[in-house]
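# Structure at a glance
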Amino acid sequence: SDGAFSPAVVVGTGYGAAVTALRLGQAGVPTLMLEMGQLWDTPAEDGRTFSPMLSPDRRSMWLKDRTEMPLASFLWLDINRRIERYAGVLDRVDHGDMSVYVGRGVGGGSLVNGAMAVTPKRWYFEEILPEVDADEMYGVYFPRANAALGVNSVDPGWFETCDSYRYARLSRRHAHKAGYRTTFVPSVYDFDYMRREEAGEVPRSALASEVIFGNNHGKRSLDRTYLAAALGTGNVTIRTLREVREIRRAGDGTYWLTVNELDQAGNVVARRQLGTRYLFLGAGSLGSTELLLRARDTGTLPDLGEEIGRGWGPNGNVMLGRANHAWDLTGITQSGMPALGIDAWDDPEHPVFAEIAPMPAGVELWVSLYLAITRNPERGHFTYDAATDSARLHWTAGQGEPSIRAAKAHFDRINRANGTIYRHDLFGDTRVFENRFTYHPLGGLALGTATDLYGRVHGYPNLYVTDGSLIPGSTGVNPFVTITALAERNIERVLAEDIRRG
Ligand code: FAD
């Protein structure tokens, strides 16, 4: 059972949380991590840890009766299926005009994401976080993050000949024909393993379409990198199926957490109190923001300010598909891990970085799929809803329009140059651009507004934010490298200045 007190507590086990726990553990600080999801390290009866992608079972989603995939349909046929309600690995949190996908389990988003490990353009990083020293970030913390995450790059020679990136080579050709530049995207999926998958030497994961419901092989998720190292210090403990609900602060400065203990069906089986001196919130943009909003509005941390819940954005995410000519084959084996992006981020009017995404169905579909990251200046905000005891995101369809305009500007050009058209059958109705979901929730507890420049929450000593909620709505690329590097920077300062040891 939970101890009644731990010197440091980290809520969540995603990127920010994992960095923080490792550095606390190395500094000799006994640290407890509380994760609402499960540990994914044991194969089930079918020999797999995670659900197969194309025939999803209860392991696929967090407490849902049906799968809820981002591509809702194909030829307007619903491709989702019924599953048993279970503490699975991918959650989709619906907030009206915006649904947010998040990972649940030890490793957070690293369990379900596409492994694309991209360092943002420096000029854009300086624009979104102008008060953070970019020399330090690009000289020290981005390299530190990339090394610890195990980032690697595809062998360009192999890329040109393998079957599994035929879809990416086709999209590259179409992009080049329209005058666009493409770029390889670094990854935390082990490209050596992928090469052996294609050669038939090892069990398939990326080449068996695995991605959003977890990879059974090949991916360097956080449980294999930062979290393994954190546990290796001997000072870090991870408890699973523990959902933090409330945060209070006692007169002596101790933070008291109310923690729900869940079973695998999501039922609350126990409710415990846990005290700590140093509290780090790494529950992700949705999770950490909700915890502090609830604390402010129910009066348990009454001095929290107006900035809590502000500055949220979906990183400008838009998904779209193009219909290919009959002679342009994408291939029936498509790596679930993207390796190439169309880089139009320097476009003055419509900055776009579009990942060339797989549509791994195991059959030829003649579809080229993209997840475009656009520079959308709109921001949403959260309010606390007492009736449901949860945070509500305020984001309207209209706020998503700039993202569509940006994606359309470029993909219209690609279609014109290649004599192709958009697909209308992928997102449930006839829309071409899907911007009602995001994989990249960012903000809610922005650095320098809700917190100081190192993630210290204003008004509450020894209370910190470590995750994607620090980044105000946009990074211009897939975000986990930025989240990791920022967490490295912040914990170094906090360890040096705030934490009493020994
Ligand atoms: P998370 O990784 O979200 O971790 C938060 C953790 O806290 C979760 O494990 C959650 O279960 C837990 N938690 C939440 N609330 C509580 C609570 N109250 N109590 C206890 N635990 C709690 N990014 C990239 O850079 N490249 C990609 O290729 C990429 N692809 C993606 C694909 C998908 C399908 C998804 C969903 C995301 C993708 N992302 C990608 C985004 C990336 O995964 C996230 O930006 C990143 O995981 C966010 O890190 P974080 O530290 O903010 O928190």
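Residues numbered from 1 in each chain as written. Predicted model: local features only at pLDDT ≥ 70, side-chain atom pairs only at ≥ 80, totals over all residues. Heavy atoms only, no water.

### Observations concerning unusual backbone geometry
Backbone geometry at Leu63 places phi at a positive 55 degrees, although glycine is not the residue there. With respect to the helices and strands, Leu63 occurs in the loop between strand S2 (31-34) and strand S3 (73-74). Take Leu63: its relative accessible area is 17%, and that puts it in the buried class. The phi angle at Ser209 is positive, at roughly 70 degrees, despite the residue not being glycine. By relative accessible area, which is 6% here, Ser209 ends up buried. (Helix = DSSP H or I, 4+ residues; strand = E, 2+ residues; numbered from the N terminus. Buried < 20%, exposed > 50% of the residue type's maximum accessible area, 1.4 Å probe, protein only.)

### Comments concerning helix H6 (residues 191-198)
Looking only at H6, the buried set comprises Phe191, Tyr193, Met194 and Glu197. The buried residues of H6 occupy one face: seen down the axis, they fall within an arc of 150 degrees. Where H6 begins, one side-chain oxygen reaches toward the backbone nitrogen of Asp192, 2.9 Å away; that side chain belongs to Asp190. Two residues or fewer past H6, Gly200 is found with a positive phi of approximately 80 degrees. (Arc of directions from axis to C-beta. Polar contact = N/O pair within 3.5 Å; in protein donor to acceptor, adjacent residues only side chain to side chain.)

### Regarding the site of the ligand
Taken together, 36 residues lie around the ligand, and Glu35, Gly109, Met116, Gly468 and Phe480 are the ones closest in. At a separation of 3.3 Å, an oxygen atom of the ligand approaches a polar backbone atom of Gly105. Expressed as a share of its isolated accessible area of 1000 Å², the protein-covered part of the ligand is 95%. Listing elements by their share of the shell around the ligand, those giving two or more residues are helix H1 (15-26), strand S6 (98-103), strand S9 (242-249), helix H8 (284-297) and helix H10 (480-497). Ranked by the residues each element gives to the shell around the ligand, the list is headed by S9, at 3 residues. Among the residues making up the shell around the ligand, the classes are represented as 15 nonpolar, 16 polar and 5 charged. (Near = heavy atom within 4 Å. Areas by Shrake-Rupley, 256 points an atom, 1.4 Å probe, with all protein chains shown as cover. Nonpolar A, V, L, I, M, F, W, Y, C, P; charged D, E, K, R; others polar.)

### Remarks on H10
Given a rise of 1.5 Å per residue, 18 residues ought to cover 26 Å, and the 26 Å separating the end C-alpha atoms of H10 matches this to within 8%. Of all 18 residues in H10, 14 are buried, a share of seventy percent or more. (Expected span 1.5 Å × (residues − 1).)

### Thoughts on the pattern of salt bridges
If charged atoms from side chains of opposite charge come close, those side chains can pair. Following the criterion strictly, the structure yields 37 salt bridges and no others. Put simply, Glu84 and Arg58 hold a salt bridge, and the shortest N to O gap is 3.3 Å. Of the two residues, Glu84 is situated in the loop between strand S4 (77-78) and strand S5 (90-95) and Arg58 in the loop between S2 and S3; the sequence distance between them amounts to 26 residues. Glu84 sits in the partly exposed class, given a relative accessible area of 48%. Overlapping salt bridges bring together Lys64, Glu68, Asp91, Arg92, Asp94 and Arg104 as one network. (Salt bridge = Lys/Arg side-chain N within 4 Å of Asp/Glu carboxyl O.)

### Observations concerning the packing of H1 against H10
Their axes nearest at 8 Å, the elements H1 and H10 cross at an angle of 35 degrees. The chirality of how H1 crosses H10 is right-handed. Counting all contacts with H1, which are made through Tyr15, Gly16, Val19, Thr20, Arg23 and Leu24, the residues of H10 involved are Phe480, Ile483, Thr484, Ala487, Glu488, Ile491 and Leu495. (Axes fitted to C-alpha atoms, helices over the stretch in contact; angles between N-to-C directions. Left-handed = near helix turned anticlockwise from the far one by under 90°. Contact = heavy atoms within 4.5 Å.)

Read these as layout, nothing more, since geometry by itself doesn't imply function.
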